[in-house]
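One-letter residues, chain by chain:
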Amino acid sequence: MPLSNITCWPSINLTLYKGNTASTPKPDNMASNAKSQNQENAVQISDKAKSLLHSQPDTENAQPSLKSRINTLFKEARDDGSFITFDSSKGGEWLDLSSFTDDELAQIGKDKNNEFSDDLSKHAIATLAERVAISLKPFEASIEYGDFRGEAMATRALYNHMSQDVRDALGWTESMVEASEKLAEKNTEKLGDFNMDTLWEMLLEAAKKGGLSLQISDNQNDLQKSDDKAI
């Protein structure tokens, strides 16, 4: 659904990030003085300091930051003669965050370092919520017949798999999951437990279609956690 308007698309600093990232070049004389001082200081660096400098992490092969990756998406849209929008009535195109992991979306949504616009953070959380909807969609048919077992067990499995950041971004809590399980108790008493192997297959298939990501290696761990709270 449309979020707040962003109409000033050419100015990335205004539409994407908070604050001014531009730097002011130094005058030639200041640069010259700085260079001389650096040369003087270089002679005075101790062996211990040199070893610490050499031990710094190699940033040449470091993965690009979330900020730079999003910046690239904005640039690619402009290069194609378009622009990123959070209000479809203004034209442009939606920001495609499909290449970002669940945890990365949560980081953008929570924006602990105050790096992104409110619209971008909301869009990241909305994208994450859409993935949840895709993961739970296979269980909608059963709900129409009053059977909440599948959705309750899927909710528990997804919750156990999520990082705390993803839980916080979505507003998911233990009490919410327990409420879902409580709703399905009568179904379990009448129909028995939902088949866990079937549950996992449905969640994995949903993940392939854009749902919350699940790793095959997590199968046994998640099934065990979910089974401990079987309804």
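Procedures and definitions
Residues numbered from 1 in each chain as written. Predicted model: local features only at pLDDT ≥ 70, side-chain atom pairs only at ≥ 80, totals over all residues. Heavy atoms only, no water. Core = buried A, V, L, I, M, F, W, Y, C linked by side-chain atoms within 4.5 Å. Buried < 20%, exposed > 50% of the residue type's maximum accessible area, 1.4 Å probe, protein only. Helix = DSSP H or I, 4+ residues; strand = E, 2+ residues; numbered from the N terminus. Contact = heavy atoms within 4.5 Å. Phe/Tyr/Trp six-rings, centres within 6.5 Å; stacked < 30°, edge-to-face > 60°. Lys NZ or Arg CZ within 6 Å of the ring centre and 35° of its normal. Patch = residues over 30% accessible without salt bridge, like charges linked within 9 Å, V, L, I, M, F, W, Y side chains within 5 Å. Areas by Shrake-Rupley, 256 points an atom, 1.4 Å probe, with all protein chains shown as cover. Salt bridge = Lys/Arg side-chain N within 4 Å of Asp/Glu carboxyl O. Lys, Arg positive; Asp, Glu negative; His and termini not counted. Charge placed at Lys NZ, Arg CZ, Asp CG, Glu CD. Expected span 1.5 Å × (residues − 1). Arc of directions from axis to C-beta. Axes fitted to C-alpha atoms, helices over the stretch in contact; angles between N-to-C directions. Parallel < 35°, antiparallel > 145°, perpendicular 65-115°, else oblique. Nonpolar A, V, L, I, M, F, W, Y, C, P; charged D, E, K, R; others polar.

## Regarding the nonpolar core
Next, step 1: Residues Leu-95 and Leu-199 are the most contacted members of the largest nonpolar core, which totals 39 residues.
Next, step 2: Taken together, the elements giving at least two residues each to this core come down to α4 (66-79), α5 (102-110), α6 (118-136), α8 (149-161), α9 (164-170) and α12 (196-208).
Next, step 3: When sequence neighbours within four positions are dropped, the list of residues in contact with Leu-199 reads Phe-139, Gly-150, Met-153, Ala-154, Ala-157 and Phe-194.

## Focus on the packing of aromatic side chains
Next, step 1: Scanning all chains against the criterion turns up one aromatic pair.
Next, step 2: Measuring from ring centre to ring centre gives 6.1 Å for Phe-139 and Phe-194, while their planes differ by 65 degrees; the resulting arrangement is edge-to-face. With a gap of 55 residues between them, Phe-139 in the loop between α6 and α7 (140-144) and Phe-194 in the loop between α11 (185-191) and α12 connect regions that are remote in the sequence. The two residues Phe-139 and Phe-194 agree in class, both being buried.
Next, step 3: Above the ring of Phe-100, the side-chain terminus of Arg-69 is found at 4.1 Å from the ring centroid.
Next, step 4: Above the ring of Tyr-159, the side-chain terminus of Arg-167 is found at 4.0 Å from the ring centroid.

## So, unusual backbone geometry
Next, step 1: The phi torsion at Asp-111 lies on the positive side, around 50 degrees, for a residue other than glycine.
Next, step 2: What makes Asp-111 buried here is its relative accessible area of 11%.

## A word on the side chain of Glu-104
Next, step 1: Inspection of the secondary structure assignment puts Glu-104 in helix α5.
Next, step 2: Those residues in contact with Glu-104 that sit more than four places away from it in its chain are Leu-66, Arg-69 and Ser-99.

## Thoughts on a negative patch on the surface
Next, step 1: A surface patch of like charges, here negative, comprises Glu-76, Asp-80, Glu-93 and Asp-96.
Next, step 2: Considering the arrangement of structural elements, one finds Asp-96 in the loop between α4 and α5.

## A few points about the pattern of salt bridges
Next, step 1: Counted by the stated rule, this structure contains 11 salt bridges.
Next, step 2: Between Glu-181 and Arg-156 there is a salt bridge, with its nearest N and O atoms 2.8 Å apart. Of this pair, Glu-181 sits in helix α10 (residues 174-183) while Arg-156 sits in helix α8, placing them 25 residues apart in sequence. Each member of the pair, Glu-181 as well as Arg-156, is classed as buried.

## Notes on α5
Next, step 1: Where α5 is concerned, the buried positions are Asp-102, Glu-104, Leu-105, Ala-106, Ile-108 and Gly-109.
Next, step 2: Summarising the contacts, the buried residues of α5 are in contact with α4, α6 and α9.
Next, step 3: Asp-111 occupies a position one or two residues after α5 and carries a positive phi of about 50 degrees.

## Let's talk about α4
Next, step 1: Compared with an ideal rise of 1.5 Å per residue, which puts 14 residues at 20 Å, α4 spans 20 Å between its outermost C-alpha atoms and is within 8% of the ideal.
Next, step 2: Those residues of α4 not exposed but buried are Leu-66, Ile-70, Leu-73, Phe-74 and Ala-77. Here the buried residues of α4 occupy an arc of 95 degrees about the axis, which is enough to place them on one side.
Next, step 3: Phi for Gly-81, located one or two positions after α4, is positive at around 80 degrees.

## Some words on the packing of α4 against α5
Next, step 1: Close contact between α4 and α5 brings their axes to 11 Å; oriented N to C, the two are set at 90 degrees. Here α5 runs roughly perpendicular to α4, going by the angle between their axes. Contacts from Leu-66, Arg-69 and Ile-70 in α4 reach Glu-104, Gln-107 and Ile-108 in α5.
Next, step 2: The residue makeup of the contact of α4 with α5, split by class, is three nonpolar, one polar and two charged.

As far as function goes, none of this settles anything; it's purely spatial.
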